[in-house]
Each structure stands twice: as C-alpha cells, then as structure tokens.
Amino acid sequence: MKLLFQLFPFVLAFGSFSQKMNYNVDLTRCIKDQLSVTLNTAYKGGDTAVFNFPMTVPGTYAVLDYGRFITQFKAFDSAGKALKVKKKGNNSFLILPGKDVAKIQYLVDDSWEEKNGKTKIFEPAGTGFEAGKYFYINNGGLFGYFGLEWNNEYDLTFAKPKNLTGSTTLIQTDKTEDRVTFRSKNYHDLIDNPILFTSEKEENIRVQGTDVIIASYHEGIDSSAYYIKHKIDSAMIAIDQFVGGKLPVDNYAFLNFVKDYRELEAVFSGEKKIGLFQRIKLAKSLGGQGFGALEHGHSSSYFLPDFGHHSYTDMVYETGIHEFMHIYSPLSLHSQFIGEFNYTKPVMSKHLWLYEGTTEYFSVIVAMQGGLATVKSTIEDKIKGKIMNAATYPDNMPFTVMSANVFDKPYSDHYSQVYERGAIMAMLLDIEIMRLTKGSKTLKTVIFELCSKYGSNRSFNEETFIDEFVSAVHPDLKEFFTKYVEGTTPLAIEETFKIIGIDYAKSKKGTVPSYFFTDKDSGVTANNRVVNRKIVIKKADAGNAFGVKAKDIIDYDELKKVYRNEDGSLIPEGTMITIHVERKGKQVPLTFPAKFKEGTLNNTIEIIKEMTPEQEKLFKLWSTGKS
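Presented here is an overview of the structure given in this document.

When helices and strands are counted, the protein chain shows 16 helices and 28 strands. Scaling as 2.2 N^0.38, a compact globule of 627 residues should have a C-alpha radius of gyration of about 25 Å, and the protein chain matches this with 27 Å. Over its C-alpha atoms, taken along the principal directions, the protein chain stretches across nearly 90 × 65 × 45 Å. A buried classification covers 56% of the 627 residues belonging to the protein chain. Sequence-distant contacts in the protein chain: of pairs separated by 6 or more residues, those separated by 24 or more amount to 70%. By element, 50% of the accessible surface of the protein chain is carried by carbon and sulfur atoms, the whole surface being about 27,000 Å². Between the averaged position of the 76 positive side-chain charges in the protein chain and that of its 76 negative side-chain charges there is a distance of 4 Å.

This is how it looks when you write it as structure tokens:
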C-alpha cells in the first residue's frame, strides 16, 4: 500500500451556532506524551450539548476515531460550575445541561504511541509528541466541535518551548518567543492545516509566485529540511511545467517527520555487527509503521524512514508530486459527499478513480512531460511496476463499488489499488480521450477544464458526474466507464497502448541478463532482499570471475542499466561491463563480460520504432503534453 491520503478544505453545511472558539495548548507541559487542551467558549445549547471529535476526515478512507485518545474530559459553565459529562461511543461527549458551556478541558494522548496495529492511525494522519523536540499535529486529533456546527472561527494559542517553531499554512495572528497563535476561518480550514513544531530551521523556496516552506524533524540529524528543500525544488519546477503556468496556490508547506533507521540498514548490509536480541528489536521497530504522506489544500505532511544517504529525500520527491497534484482533484473537483463532508457519519464518494487514480497517474507523468525524466525511465521505473501490481487486485470488484464502500470489508482490503490499478486505468482513460478527440483533448485538459467550472467551493453531482465527464469529451467515452470504472471488464492494456505506439506483452519468451548472483555456477549469492535499492552479497567464492566479495553492496539500478543500450535494447553477449560496488565504505569498480540466457520476459513495454502518423501524433502528445 502506498499509504497516501489527502485532506482539503471545503464549504460544508453549517449549524446555527457561530462564534469564535478559543483553544489553548501548553506544549511546555507534555507529560507521558500527553497534552492538556482548554477550550474557552460561550456555547448556548439545549438540555444536552454534544461535543465531537472526527470519526474520520475527508480523503483518508479509513476509520480514525480521534476521540479514543481523549481522556479526563471536563466541562464548566460560566460560573465555573462543573457540568455532567458522559462519553458516547469513541468520539462524542454529552454535556448536561448544555445551555451554558463556557470551558472544556481534556488530555490528549499522541496516536503514534498506539500499539494495536488493527486500529492504529496512519502516522501522517495522526499526532506525535516528544517534549522539547517536536509536536506533529493533525488538528482533528486535538480539537473538537459542537454537534454538527462547523462554521465557528478558531483561535489556537500554543505556549511553547523557545527552541521550537510552529510551521503551518494557518494564519498566524500573534507570536513571541514562548507563545504563538494561529487562526482558522472554520473547522474545515482547521482540519486542512496541520502544524509541525520542530527545533530544525525552516527552509523556504519560491516557485512561480508560490511561497513554499519546508519544515522537518529528523530523529538523528538537524538539517533534514535543507536536504529535502533541494528535492522539493525540482519537484515544484516539474509541476509548474506540467500545469503550464502559474501554480494555483499562493503558499504551500511540506511538513516532514523522519524516523532514523540508518542503524537498521547498516545491520542488514553487514556494515555493523549486533547480537540477535538487538537485531530482533531493530526489526520490530520497523514493523507497524505507516510511512507515506497525507495531502492538504495548502500543505502535505510526511512520515518517512531514513535508511541512510538521505534516502528520505527521494520519497518526498515521489510522493510530494502526488500530494501537490491533489490541489486539482479533489480540492477543486469533488462531489457533494466531500464538499458537504460529515465528520461524524461520512458518506464516501464512488469517484476514487478521479481523486486518487487520476492524481497518481499525473504524478507519474509530471516529470516526463516536464522534461525531468525520459519516456523510457517513466515506462520502466513507474508504469511497468504499476501494471504488475494492478494484476494482483480482483477484476470482479467494480472500482466505484469499492470506493463507495471503502470503510467496509472486503473493500477496505483493496483500497491501495487506487495507486496501482487506478493509475493504469487513468492512463488508459487518457489515451482513449486522445483517440476519441484526435488529440484535441487529454485527461489533463479535461480535468483542468472541470476544475475551472467547479473549484474548491462548488461540488459536482455524485450520481451524474461520469455522464458530465463523458459529455466534455465524446459520447463513445461512456463505454470506457461502463466497462472498466463501473464494470468488471479486465483493463485492455495491450490494445490501448498500441494507440500511442507502445507494444505491451504480459508474458513472452526472450533473452534476459544472467546476473552473477542468480547464476548457480557463478559462486556468488546475495541476501534475499533489496534495501534502499541495494543488493548485499552474502557469499562469494575466492577468485570468482567477477571479483565480487562477501559484504559488497551493489546498486540495483546501476546493475540493470549496464546490460542495456541507451534505447533499452540489450548489449551484445560478451561486452565488457563495469559496475561499482561499495566495499568497506569505498566505491570499487568491477569489470566482467555480460552474460545472457533464455528466459521469460514479463510485462514488457517497448516503444514501436515504425509508428503510423496517428501513433506518432498521440505518442508525442502523451509523452510531452504538447501537440
């Protein structure tokens, strides 16, 4: 599971109560990973006031139940008298009487400490506290609301250690060394803007009129924001080129938490020796972690592992493009089930093909169309893997049905197909749009056109949107949705790829590289794992023909590359090739003849050398975004 989820602000149905809600949180008194929260209000309800925390939030497609982490909940009237409180379910507190509620106080546990893997909140959607070091805050985990009344303005005042800075895209209204206040226009704006308090220095970049901040906390070093900045810079440039002009937001924040697993990589690679007990402990520390990102309207939050060599920066680059592209869908293109989201009893939309599938597909082709990645690398490194992973999901489960029932089994078990099968489905949809319009439209241009029509404050109709989408392209496009999005027809990858001059074969016989560590006669074996795109040699006979030694570390991507020409074809048998292995911290070149064998080629994708004029036209449009 890619574990990418999104949050965004919307105009929702509001209740009758509208006033300012003043929250106070003391970050200087974090005891046993608990924070004390105080709400000052002037709520005038009925005999019973209901105070809620979100069951879920838009886009996470999972039950969160933030109220599970709230304890010692107390309420008082304007005279300071304690009111009766009863907890109802996981997320609601009944306050009796509710006619005069002036103050609410409670404690919040951070969700990252939860041990139950079945109910554990995906880390980028949760909360993490460590006194004096960091506070990773998704606001639904700290702040609640009365009834279904979400139109109140919120002021959040944090007492904080002087060494911590609060990074967010919320409006900052006051700041001193030991205190900061943020404001949100309503509860949805509050949910949409997470906050990271960190001791690391914030980094800033500006891209086409958009101010971007990068805030980070790394468990082991104090400069992770600096390294992330340089990856984010190139990602934003690629996005700018893809969208073809000014970015649609004036400011954006990347909020990162980096967990330090450099010791784990050193152990797996053989660089560091530890005992069995320590090895087991390290392995357990990796289990149950939800690495990935969560998207918001003007920001995205990340929970990433560092396996050494600043590996987390590559993850930010890859997921960051996906997260940012959500500003189009569903931020600017969504149905009423999201635009009128109910945090207590949500109804899920059936259009995950749009919200996640299309967004993930765009994240694949952004770098290619922006000129930062080749067509070959996009096909080999991105598209091929998604086709292979897409095949593991059942065809007999309609995508729209899975989407609408994503909270329930068996559908919840198949959610992650949105990033695999959903992305390939979106690519096929893109090609079909180009075919039907003879290249005058693409999936991107249709999405942008519909975003301009709706925008963040207007919802499309959940039931009629597919027909509206079809009418924006061509009547014959309806068949695509009937078969693949709403139906159970297997994706027609082979036939559709040919339309843009690409040959695809699920399986065929052919010549494949004979890697020395998979060749039984080579005298070399490797550990049965790839960590951080590296292969570790387990055993090597003395005097083997390749010069490999035990504990050598090989770059997997480099190894695959040296067996092929620039156009992707295999080099001739016996050609001398050179790879570099990492040996005792140094790069050592090894040269030997390339060997090949007959084998099975799976999911081969090749660009047709002699295309028809129509194929050439559509291939150029797909690969460059230009006619």
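From this point, things continue past the structure.
Our next topic: the sheet that holds strand S8 (residues 101-109). The strand order across the open sheet built from 11 strands is S11-S4-S7-S6-S5-S8-S3-S2-S12-S15-S14, with neighbouring strands paired in mixed fashion. Of all strands in the sheet, those with a lone pairing partner are strand S11 (145-146) and strand S14 (171-176), marking the two edges. As paired strands, strand S5 (residues 70-76) and strand S6 (residues 82-88) are joined by two bridges and run antiparallel to one another. Each residue of the ladder has a partner; that of Ala-75, found in S6, is Leu-83.

Pairing between sheet strands relies on hydrogen bonds along the backbone, with the strands arranged either parallel or antiparallel. An order of S9-S10-S16-S13 is seen for the four strands of this open sheet, with the pairing classed as antiparallel. Two strands bound the open sheet, and with one partner strand each, they are strand S9 (127-130) and strand S13 (165-167). Each strand axis lies, on average, 15° off the axis of its neighbour in the sheet, ignoring direction. Examined bridge by bridge, strand S10 (residues 134-137) and strand S16 (residues 195-198) share four bridges and lie antiparallel to one another. Its bridge partner being in S16, Tyr-134 is matched across the sheet by Thr-198.

The next subject is the pattern of salt bridges. Enumeration according to the criterion identifies 31 salt bridges in this entry. The partner of Asp-211 in a salt bridge is Arg-206, with the nearest N and O atoms 2.5 Å apart. On the basis of relative accessibility, which here comes to 38%, the residue Asp-211 falls in the partly exposed class. With a shortest N-O distance of 3.3 Å, Lys-259 and Glu-219 are connected by a salt bridge. Note that Lys-259 is positioned in strand S19 (residues 251-260) and Glu-219 in the loop between strand S18 (210-218) and helix H2 (224-243), a separation of 40 residues in sequence. It is possible to trace a salt-bridge network through shared partners that takes in Lys-20, Glu-153, Asp-155 and Arg-183.

Enumeration over the complete set of coordinates arrives at 55 aromatic pairs. Ring geometry for Trp-353 against Phe-469: centres 5.6 Å apart, planes inclined by 85°, an arrangement best described as edge-to-face. Placement of the pair is Trp-353 in helix H7 (residues 352-369) and Phe-469 in helix H12 (residues 465-471), with a sequence separation of 116 residues. For the pair shown, Trp-353 and Phe-469 are each scored as buried. Ring geometry for Tyr-361 versus Phe-362: centroids 6.0 Å apart, planes at 40°, classification tilted. One exposure class covers both Tyr-361 and Phe-362, and it is buried. Through a chain of ring-to-ring contacts, the aromatic side chains of Tyr-23, Phe-143, Tyr-145, Trp-150, Tyr-154, Phe-158, Phe-182, Tyr-187, Phe-197, Phe-341 and Tyr-343 assemble into a single cluster. One cation-aromatic arrangement involves Lys-444 over Phe-242; the distance from NZ or CZ to the ring centre is 4.2 Å.

So, about helix H13 (residues 478-485). When we look at burial in H13, the residues that qualify are Phe-480, Phe-481, Tyr-484 and Val-485. Looking down the long axis of H13, one finds its buried residues gathered within 100° of arc, a one-sided arrangement. Elements in contact with the buried residues of H13: H7, helix H9 (399-404), helix H10 (421-436) and H12.

With that settled, the discussion passes to the nonpolar core. If you look at the biggest cluster of nonpolar residues, it comprises 100 residues, and the most contacted ones within it are Met-236, Trp-353, Ile-383, Phe-469, Leu-477, Phe-497 and Trp-622. The residues contacting Leu-477, other than those within four sequence positions of it, are Leu-429, Glu-432, Ile-433, Leu-436, Phe-469 and Val-470. With 51 residues, the next largest nonpolar core counts Val-57, Ile-70, Ala-75 and Ile-95 among its residues.

Contact geometry of H7 with helix H16 (residues 613-624) gives a least axis separation of 7 Å together with a crossing angle of 100°. The pairing of H7 with H16 is recorded here as roughly perpendicular in orientation. Here Tyr-361, Ile-365, Met-368 and Gln-369 of H7 lie close against H16, whose contacting residues are Leu-621, Trp-622, Ser-623 and Thr-624. Classifying every residue of the contact of H7 with H16 gives five nonpolar, three polar and no charged.

Across eight bridges, the pairing between strand S26 (residues 576-583) and strand S27 (residues 586-593) is antiparallel. Within the sheet, the bridge partner assigned to Met-576 lies in S27 and is Pro-593. Hairpin connection between S26 and S27: a loop of two residues separates the two successive antiparallel strands, and Lys-584 in this loop has a positive phi of roughly 55°.

In this section: helix H5 (residues 312-325). The terminal C-alpha atoms of H5 lie 20 Å apart, and with 14 residues this matches the ideal 20 Å at 1.5 Å per residue to within 8%. Its maximal kink placed at Thr-319, H5 deviates by approximately 30°. Buried residues dominate H5, accounting for 11 of its 14 residues. Here H5 has its buried residues at Tyr-312, Thr-313, Val-316, Tyr-317, Thr-319, Gly-320, Ile-321, His-322, Glu-323, Phe-324 and Met-325.

Residue Pro-330 follows Ser-329 across a cis peptide bond; omega there is 15°. Position of Pro-330 relative to the elements: it lies in the loop between H5 and helix H6 (336-339). A cis amide bond links Lys-409 to the next residue, Pro-410, at an omega of 5°. Within the secondary structure, Pro-410 is located in the loop between H9 and H10. We note that His-309 has phi near 60°; this positive angle belongs to a residue other than glycine. Summarising the element assignment, His-309 is placed in the loop between strand S21 (299-306) and H5. If you check the backbone angles, Lys-584 has positive phi at about 55° while not being a glycine.

Analysis parameters
- Residues numbered from 1 in each chain as written.
- Predicted model: local features only at pLDDT ≥ 70, side-chain atom pairs only at ≥ 80, totals over all residues.
- Heavy atoms only, no water.
- Helix = DSSP H or I, 4+ residues; strand = E, 2+ residues; numbered from the N terminus.
- Rg over C-alpha atoms; globule rule 2.2 N^0.38 Å.
- Buried < 20%, exposed > 50% of the residue type's maximum accessible area, 1.4 Å probe, protein only.
- Contact = heavy atoms within 4.5 Å.
- Areas by Shrake-Rupley, 256 points an atom, 1.4 Å probe, with all protein chains shown as cover.
- Lys, Arg positive; Asp, Glu negative; His and termini not counted.
- Charge placed at Lys NZ, Arg CZ, Asp CG, Glu CD.
- Pairing = 2+ DSSP bridges.
- Axes fitted to C-alpha atoms, helices over the stretch in contact; angles between N-to-C directions.
- Salt bridge = Lys/Arg side-chain N within 4 Å of Asp/Glu carboxyl O.
- Phe/Tyr/Trp six-rings, centres within 6.5 Å; stacked < 30°, edge-to-face > 60°.
- Lys NZ or Arg CZ within 6 Å of the ring centre and 35° of its normal.
- Arc of directions from axis to C-beta.
- Core = buried A, V, L, I, M, F, W, Y, C linked by side-chain atoms within 4.5 Å.
- Parallel < 35°, antiparallel > 145°, perpendicular 65-115°, else oblique.
- Nonpolar A, V, L, I, M, F, W, Y, C, P; charged D, E, K, R; others polar.
- Expected span 1.5 Å × (residues − 1).
- Bend = angle between axes of the 7 residues up to and from the residue.

Without other data, these values stay purely geometric and don't point to any function.
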